[in-house]
Amino acid sequence: MKDKTRGDAGTRDWLAQRLTSIVLPPLGLWFVFALATAADLSAQAMLAWVANPLHASLLAALILITCWHMLLGLHVVVEDYVQAGALRTVTLLLLNIVTVALAVAGVWAVLEIALR
Amino acid sequence: MDSERPLSPHLQVYRLPLTAVLSILHRMTGVALSFGVVLLVLMCVALAVNPDAYTATASFLDGWAGQALLVVWTAAFYLHLCNGVRHLVWDAGFGFELRVVDASALVTIVATALLTAVTWALVWTR
């Protein structure tokens with residue numbers, strides 16, 4: 001029997017998109033302005049910047065939440081423009097795999113720098 | 001049967017009012033920003049395992065072509081952000097009156113221009 005006390009995946013995805021949309025503006029603005037006002041963007045300076053625990057935490061959160069938001073958005077775009085069938089299934093599968101890979105790689109990189 | 005359902009072509013067919021233009025721009029900037037996410041992750045990975053690759057990419061981004069790219073990307077970021085807030089206000093149930101919709105469209109465009117200008121004023125006067 002289907003559990004009717006909980007919304008289904010569509011509702012969950014809709015809400016997740018709204019929640020990520022609320023968190024991302026301050027997080028994204030912080031990142032853009034941090035880079036825009038940074039005096040030194042050399043590799044050495046940026047390694048030191050990322051190593052700061054606060055920066056690393058916020059950057060990792062930014063990467064994770066952005067990837068989630070991006071996946072939800074691109075999923076809808078694919079559904080709108082790619083004909084249903086094998087092509088759409090494969091495209092969505094690749095989209096999911098690439099996005100998860102990006103998130104994992106990004107968070108790993110930040111942690112690697114911050115914890116080394 | 002499922003594959004016979006129509007898709008969503010629209011750009012080649014309709015003449016769009018401002019609200020609709022912003023709507024499709026919201027989607028287009030979203031897609032464009034995705035490439036930025038890829039670049040961001042690649043830069044983080046480069047910093048961690050191959051700082052020379054980071055430096056080479058940063059050098060390109062410092063040049064005029066790279067800066068132009070970044071200006072366009074930040075404009076896309078701010079447009080998507082401002083229009084996204086507009087969407088959140090709608091989701092909360094406010095602002096559906098046509099006059100308010102048109103007004104918020106203008107606010108979105110002006111805010112985008114202002115934020116982009118402020119950002120690059122900060123960068124180029126560093």
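Preceding this paragraph is the structure being described.
Notes on the structure follow.

How each quantity is defined
- Residues numbered from 1 in each chain as written.
- Chains lettered and ligands numbered in written order.
- Predicted model: local features only at pLDDT ≥ 70, side-chain atom pairs only at ≥ 80, totals over all residues.
- Heavy atoms only, no water.
- Contact = heavy atoms within 4.5 Å.
- Salt bridge = Lys/Arg side-chain N within 4 Å of Asp/Glu carboxyl O.
- Polar contact = N/O pair within 3.5 Å; in protein donor to acceptor, adjacent residues only side chain to side chain.
- Helix = DSSP H or I, 4+ residues; strand = E, 2+ residues; numbered from the N terminus.
- Nonpolar A, V, L, I, M, F, W, Y, C, P; charged D, E, K, R; others polar.
- Core = buried A, V, L, I, M, F, W, Y, C linked by side-chain atoms within 4.5 Å.
- Buried < 20%, exposed > 50% of the residue type's maximum accessible area, 1.4 Å probe, protein only.
- Expected span 1.5 Å × (residues − 1).
- Phe/Tyr/Trp six-rings, centres within 6.5 Å; stacked < 30°, edge-to-face > 60°.

With that settled, consider the interface of chain A and chain B. Size of an interface: often given as the accessible area lost when the parts come together. Opposite the 45 residues of chain A that make contact, chain B presents 33 residues. Applying the counting criterion to the chain A and chain B interface returns two salt bridges. For B:Arg27, the salt bridge is made with A:Asp80, and the minimal N-O distance between the two is 2.7 Å. Where chain A touches chain B, the interface holds eight residue pairs in polar contact (both at pLDDT 80 or more). Broken down by secondary-structure element, the contributors of at least two residues to the side of chain A that touches chain B are helix H1 (9-37), helix H2 (43-51), helix H3 (53-81) and helix H4 (86-115) of chain A. Class assignment of the residues belonging to the side of chain A that touches chain B gives a composition of 32 nonpolar, eight polar and five charged.

Attention shifts here to the nonpolar core. Counting 38 residues, the largest nonpolar core has A:Trp49, A:Val50, A:Leu59, A:Ile63, A:Val110, B:Leu47 and B:Tyr54 as its most contacted members. Looking at this core, the elements that each hand over two or more residues are H1, H2, H3 and H4 of chain A together with helix H1 (18-49) and helix H2 (51-62) of chain B. Residue contacts for A:Trp49: discarding those within four places in its chain leaves A:Trp30, A:Phe31, A:Ala34, A:His55 and A:Leu59. Core analysis: the next-biggest nonpolar cluster, separate from the first, contains six residues, A:Val32, B:Leu33, B:Ala76 and B:Leu81 among them.

It is worth spelling out helix H3 (residues 64-91) of chain B at this point. Under the 1.5 Å per step criterion, the end-to-end length of H3(B) is 40 Å for 28 residues, consistent within 8% with the ideal 40 Å. Looking one or two residues beyond H3(B), the residue adopting positive phi is B:Gly93, at roughly 105 degrees.

With respect to the helices and strands, A:Thr20 occurs in helix H1. Note on A:Thr20: relative accessible area 4%, which makes it buried.

Next up on the list: the packing of aromatic side chains. Residue and element names in this part refer to chain A. Following the criterion strictly, the structure yields six aromatic pairs over all chains and no others. Measuring from ring centre to ring centre gives 5.6 Å for Trp30 and Trp49, while their planes differ by 20 degrees; the resulting arrangement is stacked. Of the two residues, Trp30 is situated in helix H1 and Trp49 in helix H2; the sequence distance between them amounts to 19 residues. For Trp30, a relative accessible area of 23% puts it in the partly exposed group.

What follows is about the pattern of salt bridges. In this structure the tally under the stated criterion is four salt bridges over all chains. Between A:Arg116 and A:Glu112 there is a salt bridge, with its nearest N and O atoms 2.7 Å apart.

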